[in-house]
Amino acid sequence: MKARIALGVVVLVACSAAIAAGRESSMQEESAGIVSQYKGIFTSPPVNVPTNKVPDGPLLGNGDVGVVISGRPELQRFWVSKNDFWLAREGNHRGGGPKLFGGIDVRIPALRDAEYHVEQKLYIPRVEASFVKGNIRVSMDSWLADSENLLFIEMSVRGHAVSVEADLWAKSGYGTTTKQTTRDLHFVTRKFNMPDLKYPTEAAMALRTVGADPAPFLIRENSGKYVFEGSISNSFVLKPGNKVTLVASISTNHDSKCYEADARRRVQRLTEQDVRKFWQQHNKWWQDFWAKSFIEIGDPLIEKFYYGSLYLIASCSRNKSFPPGLLGNWVTTDKAAWHGDYHTNYNHEAPWWGVYSSNHVELSEPYDAPVIDFVDRGRYYAKRELNCRGVYYPVGIGPKGLETTLNPPDGDRPADGIDRGYFLGQKSDAAYLSVNMIMRFYHTYDLDYAKNIAYPYLIEVINFWEDYLRFEDGRYVIYNDHVFEGPGTDMNNILSLGLVRMIFTAAIDMSTELGVDADRREKWQHVLDHISDFALLRRNGKTVFRFSENGVVWRGGHGDGLVAVQHIWPTGAIGLDSSPALLQIAREHITQVGQWTDSNGFCAFYTAAARVGYDPQVIVMNLRQQCLKYAFPNLHILHGGGGIEECSAVPSCIDEMLLQSHEKVIRLFPVWPRNKPARFADLRAVGAFLVSGGYKNGRVQYVFIKSEKGRDCTVQNPWPDKSVTLCRNGKKAETLAGERFTFKTERAEEIALCPGRVSLDQMNRRVQALRKTMMGISKRKALH
C-alpha cells in the first residue's frame, strides 16, 4: 500500500518509513501555507523603545539572543540582549536582574525624512525594512542565526549610492565597559564582576562588515548640517547592485571561558559561504518548528496572534540554563520592571502554558533550571520559616540559585540580621512551580524527565504540603496562605486548594510510572479524598466560588482575573468531567468575575473559560478584542501586568477549544462554535498522543491519533449517535460504541477513527474538502 497524505495527517499504511517521510513533508507544506500569511507590519518608527516593560519595535530572537529594532530611517538602532546577561546581585533594592548589553547603530543621513515600512516575518523569521526618499530606496533585512549567536543585517540600495556608518556600543552603568575599533573590527565588552555578586557575568560583541568598500569619507549630520569626516572602521558607501552585510557576534562567560576570543573569531573567519549556510540552517530550524503542528480556524486575526505568540516564545526560550525573564530576551534598559526576574507566583510559569498542547514541548526545557537550582535555599526557608520538610520559595528568583527579592525594603528583617526572603504571605509558590513540570510529564510521559527532574522536585513540594496541611474534623485545611500578594491570613484559598489536588494526583501517577514510593501513595490518596472543598458564595442571586473560605471573599476588579480562575487553569481542579453542578458554578463564576481584559489574567482567564465549557462565541469575541486593542505590531499582546506571560494566552485557549485531554480523556472540538469550520494537526494530548481533527457544520469530520508511548487511549465519542470503526496503521481493527471508549495502542501506532460506515477513503475526501473550505475562507477574509 502507498502512503496517502491529507491535512498533514498521513492516511495509515503499513510502511512506517513512508508514514514518517510523508507526514514530515505534508506538515511542512501545510504549515508553510498557513503561517507564511502572517507578519507584523510597522508603518512608523516604534515609540516604546527603550522601555522597562515590553518594547513595541520589531523583534528577533534565537532563543538566547534577543534584538529590538527602533529609530527613524536615518538612524536604526539594534538593541541587543541575552538570556544569561544578568547582574547577579541579590535583593530587589540592589539592582540585580537581566540587563541590556548594548547594540548597533546604523546611520544613513541621506534617509532623513524617508518613508518607513518594516515587516516582521514569522514563517522564516527576519525583519525586512524598506526606507524610501525620492529615488533612493534602502532595504535593510536582519535575522539571527539559530545555531550560533550571530546577527546579520543585510543592506542594499536602489537609485544612487548612500554613505553608511555602523557603530557598536555597550551600555554603561553598574559594571565596566570597553570598546576597541580597528579597520576590520568593532569590539565591545560589558562586565559585571564586582565582589558583592553571587557570580560574575561578562559579555563581548564583535561587529564586522562583509561585502563593502571602505568609504573615503563619512557624511554625519551635525546641528542640521552635513559635515565630512575621514574614513573609519565600518563606514562605507552602499552602492546600487551591491549587498553589504553587517555581522555581529555576542558571547558571554556562561557560554565559554574564552568568550572574548570566540566573539572575535566568529566574525573574523566568516565567509559569504558561511552566511549562506547559516541562512539555510535558519530556514530549516523554523520550517521544522512550524511543521510540528498547526491550527486553521477561519479567523485570520486570532490565527495571526496564535502563531505570533509561538514565534515570540520560540525566539526567547532555547537556552537550557538561562530561561527568559519577565520580558524575554528583549531587555532595553538596566531597570526592567519587577527586576525582570523569575516571579514564582505565576509569571515564570505562564509563558509555557501553550507549548505543551501545541506540540512545542522542547521550548519548555529552559524552564526548570532556576527552579532546580533554588532547591537548597527552598529547603532552608521551609525549615527556618515554617519548620516543615520540603521547599518553600520566595516570590523572586533568578538563574543559578540567585534570590532577587532577598531582604526587600518593605519586608520584615529579624533583629538578628539574618537574610529574609520575600513571600508575600503566599505558601503556594513552590507548588506553583511544579505545574509546568506536571504538564510536561502528562503530555509526554517522558520517564527520564520524570525520574531526573520532575519527580525529585515534586517530592520536595509534597514533603512540604504533607507537613503544612492540617487534618481537622475529617478534612485537610490550609491556614495563613494569602490568595493575593501581601500579608494575609486566608484559609483554604482557591489557588492552593487547586494546587494541592494537582500535585498529589501527579505524585501518585508519577511514582506509579516510575515504580517508587508505593508506601506513600495511601497518604497521598487520603489527602485527595479529604482535602477541603472549594468554598462557595451566593452573589447576585447565583452561586460562585469564594476566593478563600476565611479571609478574602471576593474581588472582581482589574488585575483579579488571574487569581479568580487559577483553580480551573492551570491547576486543572475543574473540567468537563466535573459534576454538572460544579461546572455551572464555574461558568457563573467566570461570568461574574468578567475580567476578559485583565492586567494579570489574560494568560489564564480565557483558557479557564474553555476548560469548563463556557460559551465559545463569547470567548472568541473577547479574544478578538484583546488582539485588536492590546497588541503591538510585533504581535506582543500587553495588558500591563507582565511580559512574555501573555504569549501563552492565545495558543492555550484555542488549543483547549479545539482539543481537550483533561482527566486523560480526549475530546474533539469540545468548546467550539458550531457555525465555524476548523481543523488542526498534531496537537498534543495528555497521554503522549498527537491528535488531528476537522470540524464543519457542527460535526466532527475526522479524527487521527498517533500514539507516541503506546498507552491506553480514552476518547469521548466524537459521534455519540454512531458506532466508531477503529483502524490501526491503515487496517480496520475493531468497532467501538458508547459516549466514551478506551482502546489499547502501541508505540508509534497510527490510529484513525471513522464514524459509522465511513471508510478511510471517505475520511480522506473529508480531509481534502475541509482543507479547500478553509482555504476559501482565508481568501475571502484576505479580500476584506
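Residues numbered from 1 in each chain as written. Predicted model: local features only at pLDDT ≥ 70, side-chain atom pairs only at ≥ 80, totals over all residues. Heavy atoms only, no water.

A. Quick peek at the overall build of the protein. Secondary structure summary: the protein contains 17 helices and 40 strands in total. Its C-alpha atoms give the protein a radius of gyration of 27 Å, near enough to 28 Å, the size a compact globule of 784 residues would have. Over its C-alpha atoms, taken along the principal directions, the protein stretches across nearly 85 × 75 × 50 Å. Buried residues in the protein amount to 62% of all 784 residues. (Helix = DSSP H or I, 4+ residues; strand = E, 2+ residues; numbered from the N terminus. Rg over C-alpha atoms; globule rule 2.2 N^0.38 Å. Buried < 20%, exposed > 50% of the residue type's maximum accessible area, 1.4 Å probe, protein only.)

B. Up close: the sheet that holds strand β17 (residues 201-210). Within the open sheet, the nine strands sit side by side as β3-β10-β11-β12-β13-β21-β17-β16-β15. Their pairing is antiparallel. At either margin of the open sheet sits one strand with a lone partner, and together these are β3 (39-42) and β15 (176-181). Adjacent strand axes in the sheet meet at a mean angle of 15° when their direction is disregarded. Two strands pair when backbone bridges link them, and strand β10 (residues 115-121) and strand β11 (residues 126-133) are joined in this way by seven bridges, in the antiparallel orientation. Pairing of glutamine 120 across the sheet is with valine 127, part of β11. Helix-sheet contacts for helix α3 (residues 272-290) involve β11, β12 (136-144), β13 (150-158) and β17, and the interaxial angle to β12 is about 65°. (Pairing = 2+ DSSP bridges. Axes fitted to C-alpha atoms, helices over the stretch in contact; angles between N-to-C directions. Contact = heavy atoms within 4.5 Å.)

C. Inspection of the confidence of the model for the protein at higher detail. When pLDDT is averaged along the protein, the result is 91, and 92% of the positions lie at 70 or above. Note that residues 1-21 has pLDDT below 50 and, in this model, 47 contacts with residues that lie over four places away or in other chains. Scored below 50 in pLDDT, residues 216-232 shows 32 contacts in the model against residues more than four places distant or in partner chains. (pLDDT = per-residue confidence, 0-100.)

D. How the structure looks around the pattern of salt bridges. A full pass over the atoms with the stated rule returns 52 salt bridges. One salt bridge connects glutamate 260 with lysine 191, and the closest N-O pair in it is separated by 2.9 Å. In this pair, glutamate 260 is assigned in helix α2 (residues 259-268) and lysine 191 in strand β16 (residues 186-192), connecting sequence segments 69 residues apart. What makes glutamate 260 partly exposed here is its relative accessible area of 23%. Taken together, the shared-partner salt bridges in this structure form one network comprising Lys39, Glu119, Lys121, Arg126, Glu128, Asp141 and Glu154. (Salt bridge = Lys/Arg side-chain N within 4 Å of Asp/Glu carboxyl O.)

E. Spotlight on the pairing of strand β34 (residues 689-696). Among the eight residues that make up β34, seven are buried, leaving the element largely enclosed by the rest of the structure. Bridge analysis of strand β33 (residues 678-685) against β34 gives six bridges, and the strand direction is antiparallel. Residue pairing in the sheet places arginine 679 in a bridge with glycine 694 of β34. Linking β33 back to β34 in an antiparallel pair, the connection comprises three residues, with glycine 687 at a positive phi of about 105°. Relative to strand β35 (residues 699-707), β34 is paired through eight bridges, and the arrangement is antiparallel. Following the sheet pairing, glycine 694 is matched in β35 by tyrosine 702. From the end of β34 to the start of β35, which pair antiparallel, there are two residues, and asparagine 697 there has a positive phi angle of about 55°.

F. Spotlight on the nonpolar core. Counting 221 residues, the largest nonpolar core has Trp465 and Leu753 as its most contacted members. Not counting the four nearest positions on each side in its chain, tryptophan 465 is found in contact with Lys427, Ser428, Ala431, Ile478, Asp481, Ser496, Val500, Ile503 and Phe504. (Core = buried A, V, L, I, M, F, W, Y, C linked by side-chain atoms within 4.5 Å.)

G. Molecular detail of the packing of aromatic side chains. Taken as a whole and assessed by the stated rule, the structure comprises 44 aromatic pairs. For the ring pair tryptophan 286 and tryptophan 290, a centre distance of 5.9 Å and an interplane angle of 35° mean the geometry is tilted. On the criterion of helical spacing, the pair formed by tryptophan 286 and tryptophan 290 is a turn pair, its members being four residues apart in helix α3. When the ring centre of tyrosine 449 is taken as reference, the NZ or CZ atom of arginine 440 above it lies at 3.9 Å. Arginine 555 extends its terminal NZ or CZ atom over the ring of phenylalanine 484, reaching a point 3.6 Å from the ring centre. (Phe/Tyr/Trp six-rings, centres within 6.5 Å; stacked < 30°, edge-to-face > 60°. Lys NZ or Arg CZ within 6 Å of the ring centre and 35° of its normal.)

H. Fine view of the sheet that holds strand β38 (residues 731-736). If you walk across this open sheet you meet the seven strands as β22-β33-β34-β35-β40-β37-β38, and the pairing is antiparallel. Each end of this open sheet is capped by a strand with a single partner; those strands are β22 (294-296) and β38. Recorded for the sheet is a direction-independent mean angle of 20° between the axes of neighbouring strands. Across five bridges, the pairing between strand β37 (residues 724-728) and β38 is antiparallel. Across the sheet, threonine 725 pairs through a bridge with threonine 735, a residue of β38. Running at roughly 105° to β33, helix α16 (residues 649-658) makes contact with β22 and β33 of the sheet.

I. Region of the structure containing helix α6 (residues 375-386). With twelve residues, α6 ought to run about 16 Å at 1.5 Å a step, and its terminal C-alpha atoms sit 16 Å apart, in line with that. What α6 keeps buried is the set Val375, Gly378, Tyr381 and Ala382. Burial along α6 is one-sided: seen end-on, the buried residues are contained in an arc of 115°. More than 90 degrees from the buried face of α6, the exposed residues found are Asp376 and Lys383. Downstream of α6 by one or two residues, asparagine 387 has phi in the positive range, about 55°. (Expected span 1.5 Å × (residues − 1). Arc of directions from axis to C-beta.)

J. Here's a closer look at the environment of threonine 51. Residue position: threonine 51 is located in the loop between β3 and β4 (59-61). Judged by relative accessible area, threonine 51 falls into the buried class, the value being 10%. For the pair threonine 51 and tryptophan 143, spaced 92 residues apart in the sequence, the C-alpha separation amounts to 22 Å. Residue contacts for threonine 51: discarding those within four places in its chain leaves Thr332 and Thr333. Among the polar contacts made by the side chain of threonine 51, one reaches the main-chain amide nitrogen of lysine 53 at a distance of 3.1 Å. (Polar contact = N/O pair within 3.5 Å; in protein donor to acceptor, adjacent residues only side chain to side chain.)

K. Quick look at the packing of helix α14 (residues 602-611) against helix α15 (residues 616-629). Running from N to C, α14 and α15 cross one another at 160°; their axes reach a closest spacing of 11 Å. As the angle between them shows, α14 and α15 are arranged roughly antiparallel. In the crossing of α14 with α15, the sense of the turn from one axis to the other is left-handed. When α14 is examined against α15, the residues Phe602, Tyr606, Ala609 and Ala610 are found in contact with a partner set consisting of Ile619, Asn622, Leu623 and Gln626. Here the contact of α14 with α15 is composed, by residue class, of six nonpolar, two polar and no charged. (Parallel < 35°, antiparallel > 145°, perpendicular 65-115°, else oblique. Left-handed = near helix turned anticlockwise from the far one by under 90°. Nonpolar A, V, L, I, M, F, W, Y, C, P; charged D, E, K, R; others polar.)

L. Structural detail: the side chain of glutamine 592. Tracing the backbone through its elements, the reader meets glutamine 592 in helix α13 (residues 580-593). Glutamine 592 sits in the buried class, given a relative accessible area of 14%. A polar contact of 2.8 Å, which involves the side chain of glutamine 592, links it to the backbone oxygen of arginine 539. Sequence-distant contacts of glutamine 592, that is, excluding residues within four places in its chain, are made with Arg539, Asn540, Lys542, Val544 and Trp554.

M. Region of the structure containing the packing of α3 against helix α4 (residues 300-316). Orientation of α3 relative to α4, taken along the N-to-C sense of each, is 130°, at an axis distance of 12 Å. Comparing the axis directions of α3 and α4 gives the class oblique. As for the relative orientation of α3 and α4, their crossing is right-handed in sense. Of the residues in α4, those in contact with Trp285, Trp286, Phe289 and Trp290 of α3 are Tyr307, Leu310, Tyr311, Ala314 and Ser315. Each residue belonging to the contact of α3 with α4 can be placed in one class, and the counts come to eight nonpolar, one polar and no charged.

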